[in-house]
Amino acid sequence: MKALLQRVNEASVNVEGRCVGQIAKGLLVFLGVEKNDDEQVCTKMLDKVLAYRVFADAKGKMNLSLQDIGGQLLVVSQFTLVAETRKGLRPSFSSAGDPQQSRALYDLFIRQAQERAVYVQSGQFGADMQVSLINDGPVTFLLTI
């Protein structure tokens with residue numbers, strides 16, 4: 001599983017011209033599921049996302065997590081994160097999870113985040129989405145499990 005985190009001042013996702021998710025200060029997370037991922041991997045990734053220290057403390061150092069600041073979370077499925085790009089000029093998606101497995105883990109990630117009292121919005125799994133954001137910093141990290 002891979003998660004691309006972007007620290008944002010605001011972010012939104014639209015499907016067919018309609019806003020399906022929108023947040024203020026927090027994290028935009030693009031989530032990619034791989035073949036061997038399971039519920040344990042999903043929970044471990046969520047733990048890492050929620051606790052990852054990417055927000056500035058009073059001294060301006062990245063010492064605070066999303067939970068520490070009471071930030072919001074926008075989760076967008078993105079299977080292209082797990083593409084193999086080392087060879088050739090066309091990405092290979094052979095390591096991507098199948099759609100049914102990926103959707104189940106994407107939904108689990110969102111459900112578990114909501115259960116932890118985090119304000120969560122999401123994109124629409126498998127849809128053609130337009131994502132808008134104001135990246136704060138810019139600060140972007142690729143997390144892998």
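The structure displayed is predicted, hence computed values, not measured ones.

Novice: I tried to follow the overall build of the protein chain on my own but got confused; where do I start?
Specialist: Summing up its helical and strand segments, the protein chain has 3 helices and 8 strands in all. Counted from the first residue to the last, the protein chain has its helices and strands arranged as β-β-β-α-β-β-α-β-α-β-β. Computed over C-alpha atoms, the radius of gyration of the protein chain comes to 15 Å, within 12% of the 15 Å expected from 2.2 N^0.38 for 145 residues, which places it in the range of a compact globule. Projecting the C-alpha coordinates of the protein chain onto the three principal axes gives extents of approximately 45 × 35 × 35 Å. Counting across all 145 residues of the protein chain, residues that qualify as buried make up 40%. For the protein chain, contacts bridging at least 24 residues in sequence account for 74% of all contacts bridging at least 6.

Novice: What exactly am I supposed to notice about the packing of aromatic side chains here?
Specialist: Two measures describe an aromatic ring pair: the distance that separates the ring centres and the angle between the ring planes. Taken as a whole and judged by the stated rule, the model has 3 aromatic pairs. Residues tyrosine 52 and phenylalanine 141 carry aromatic rings whose centres are separated by 5.6 Å and whose planes lie at 70° to one another, so their mutual orientation is edge-to-face. Here phenylalanine 141 lies in strand β8 (residues 129-144) and tyrosine 52 lies in the loop between α1 (39-51) and β4 (55-56), a separation of 89 residues in the sequence. Given the relative accessible area of 27%, tyrosine 52 is considered partly exposed. Judged by relative accessible area, which is 28%, phenylalanine 141 ranks as partly exposed. With a centroid separation of 5.7 Å and 45° between ring planes, the pair formed by tyrosine 106 and phenylalanine 125 is classed as tilted. Of this pair, tyrosine 106 sits in helix α3 (residues 99-115) while phenylalanine 125 sits in the loop between β7 (119-122) and β8, placing them 19 residues apart in sequence.

Novice: Help me understand α3, please; the structure alone is not making it clear to me.
Specialist: Side chains that are three or four residues apart share a direction in an α-helix, a result of its 3.6 residues per turn. With 17 residues, α3 extends 24 Å between its outermost C-alpha atoms, agreeing within 8% with the 24 Å of an ideal straight helix rising 1.5 Å per residue. The complete set of buried residues in α3 reads Gln101, Ser102, Leu105, Tyr106, Leu108, Phe109, Ile110, Gln112 and Ala113. Summarising the contacts, the buried residues of α3 are in contact with β3 (26-32), α1, β6 (72-77) and β7. Structurally, the start of α3 carries an N-cap: the backbone nitrogen of glutamine 100 is 3.0 Å from a side-chain oxygen of aspartate 98. At the exit of α3 stands alanine 117, carrying a positive phi of roughly 65°.

Novice: Please explain the pattern of salt bridges as it appears in this structure.
Specialist: Counted under the stated rule, the structure contains 4 salt bridges. We note a salt bridge from lysine 25 to aspartate 136, for which the minimum N-O separation is 3.5 Å. You can see lysine 25 sitting in the loop between β2 (18-23) and β3 and its partner aspartate 136 sitting in strand β8, a full 111 residues away along the chain. Ionic pairing is found between arginine 86 and glutamate 84, a salt bridge with its closest N-O pair at 3.7 Å. For arginine 86, a relative accessible area of 75% puts it in the exposed group. Members of the salt-bridge network, linked through shared partners, are Arg7, Lys25 and Asp136.

Procedures and definitions
- Residues numbered from 1 in each chain as written.
- Predicted model: local features only at pLDDT ≥ 70, side-chain atom pairs only at ≥ 80, totals over all residues.
- Heavy atoms only, no water.
- Helix = DSSP H or I, 4+ residues; strand = E, 2+ residues; numbered from the N terminus.
- Rg over C-alpha atoms; globule rule 2.2 N^0.38 Å.
- Buried < 20%, exposed > 50% of the residue type's maximum accessible area, 1.4 Å probe, protein only.
- Contact = heavy atoms within 4.5 Å.
- Phe/Tyr/Trp six-rings, centres within 6.5 Å; stacked < 30°, edge-to-face > 60°.
- Expected span 1.5 Å × (residues − 1).
- Polar contact = N/O pair within 3.5 Å; in protein donor to acceptor, adjacent residues only side chain to side chain.
- Salt bridge = Lys/Arg side-chain N within 4 Å of Asp/Glu carboxyl O.

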